[in-house]
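Residue strings, one per chain:
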Amino acid sequence: MLEFYKTFEDGTRKIQEPEPGCWINAIAPTEEERYYLIEQIGVLPEFVKSSLDEEESSHMDYDDDFRQLLIIFDYPSAENEDDDSIDSTLPIGIVILKGYVVTISLYENWSILEMSQGRIKGMDTRLKTRFFLLLALRISQRFLICLRQIDRLSSRAETRLHQSVENDELIEMLGLEKSLVYFSTSLKSDEVTLNKIMRGKQIQLYEEDEDLLEDVMIEIHQAIEMCNIYSNTMAGTMDTFASIISNNMNIVMNKLTVITIVMAIPNIIFGFYGMNVQLPFPFVWFPSFV
């Protein structure tokens, strides 16, 4: 799917054909749409391929010959606050070239949706650097929202575990812990990319852009700290419940051992009187001391 947006004096609107200064949004482009981006818009083929690679990590790549900049930025793949399934992160490619800014991704995400609906204050498709920084700010804020959601899901699963230790809750906690690992890796990669942009060697930063970049860095640092705190807390919780399960198993095994010993006493006595040797009181089952 290809969509074209441009900012005018009265706001950002969707247009039918690409114009200089517009934003081209490509979501899961078909072969024909990829060909259009490469041949008509002029996006480098390797930039399109990297943007559509799910395993691509966040980085920045600049081509001196064609003067094109590719920024790969990771975003949380499950951003719906009402959705209990948070899986991992996915990359989105932002290509800055002469006359256009192009976003390429495999799936639609809430940050792009908010920008296409004009809900981002100060967005201007003609200001390419500011456009990327606003998108990065929305993505970093989405990370914070998803981290808070993970914390709520973890607290809910922990409450159920206090009542009864079941496999479903433990598996859910394991899934959340894995999501935090994905988040931590992506956030650190995004931070490295932003640090490269902050040095301003490959992308020009104006004074307002520098302030916006600082806001993005603050949000990213906060998300990284929250991710580390939640990871450590969840790891401690899992270890605690593992110790509780082990302790409960030891208690059960002790009780079973006592029961086994008690049940073995009659068998021991019967075994003695079944031997072919002389024993006291051979004609009674249990000796009487009266």
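J.: Could you clarify how one ought to interpret the packing of aromatic side chains in this entry?
T.: Centre distance and the angle of the planes are the two values used to describe a pair of aromatic rings. If you walk through the whole model with that rule in mind, you get 4 aromatic pairs. One aromatic cluster in this structure is built from Y5, W23 and F131. The side chain of R13 reaches across the aromatic face of F8, ending 4.3 Å from its centre.

J.: Explanation requested: empty space enclosed by the protein in the structure shown.
T.: Taking a probe equal in size to a water molecule and rolling it over the atoms shows the remaining empty space. Applying the stated criterion across every chain, the model contains 1 cavity of 30 Å³ or more. As for the largest cavity, its lining consists of S51, D53, E54, Y75, L90, P91, L106 and Y107. Partitioned by chemical class, the residues of the lining of the largest cavity number 5 nonpolar, 1 polar and 2 charged.

J.: Sorry if this is basic, but what is going on with the sheet that holds strand 7 (residues 100–105) here?
T.: Where strands meet in a sheet, backbone hydrogen bonds hold them as pairs that are either parallel or antiparallel. With respect to topology, 7 strands assemble into an open sheet ordered 2-1-3-7-6-5-4, the strand pairing being mixed. The open sheet is flanked by strand 2 (11–15) and strand 4 (59–63), the only strands paired with a single partner. Averaged over neighbouring strand pairs, the angle between their axes works out to 20° when direction is ignored. Pairing of strand 5 (residues 68–76) with strand 6 (residues 89–97) involves 8 bridges; the strand directions are antiparallel. Looking at strand 6, one finds that L69 is bridged to I96. The strands touched by helix 4 (residues 128–163) are strand 3 (22–27), strand 5, strand 6 and strand 7; relative to strand 5, the strand with the most contacts, the crossing angle is about 15°.

J.: Explain helix 1 (residues 31–41) here, please?
T.: Residues of helix 1 that are buried: E33, L37 and I41. Buried residues of helix 1 fall within an arc of 50° about the axis and therefore sit on the same side. Exposed residues lying more than 90 degrees from the buried face of helix 1 are E31, E32 and Y35. Positioned one or two residues after helix 1, G42 has a phi angle of 100°, which is positive.

Reading the values: rules and limits
Residues numbered from 1 in each chain as written. Predicted model: local features only at pLDDT ≥ 70, side-chain atom pairs only at ≥ 80, totals over all residues. Heavy atoms only, no water. Phe/Tyr/Trp six-rings, centres within 6.5 Å; stacked < 30°, edge-to-face > 60°. Lys NZ or Arg CZ within 6 Å of the ring centre and 35° of its normal. 1 Å grid on protein atoms, 1.4 Å probe; cavity = no way out; pocket = protein on both sides within 12 Å on 5 of 7 lines; lining within 4 Å. Points joined across faces, edges and corners; volume = space filled by probe spheres on them. Nonpolar A, V, L, I, M, F, W, Y, C, P; charged D, E, K, R; others polar. Pairing = 2+ DSSP bridges. Helix = DSSP H or I, 4+ residues; strand = E, 2+ residues; numbered from the N terminus. Axes fitted to C-alpha atoms, helices over the stretch in contact; angles between N-to-C directions. Contact = heavy atoms within 4.5 Å. Buried < 20%, exposed > 50% of the residue type's maximum accessible area, 1.4 Å probe, protein only. Arc of directions from axis to C-beta.

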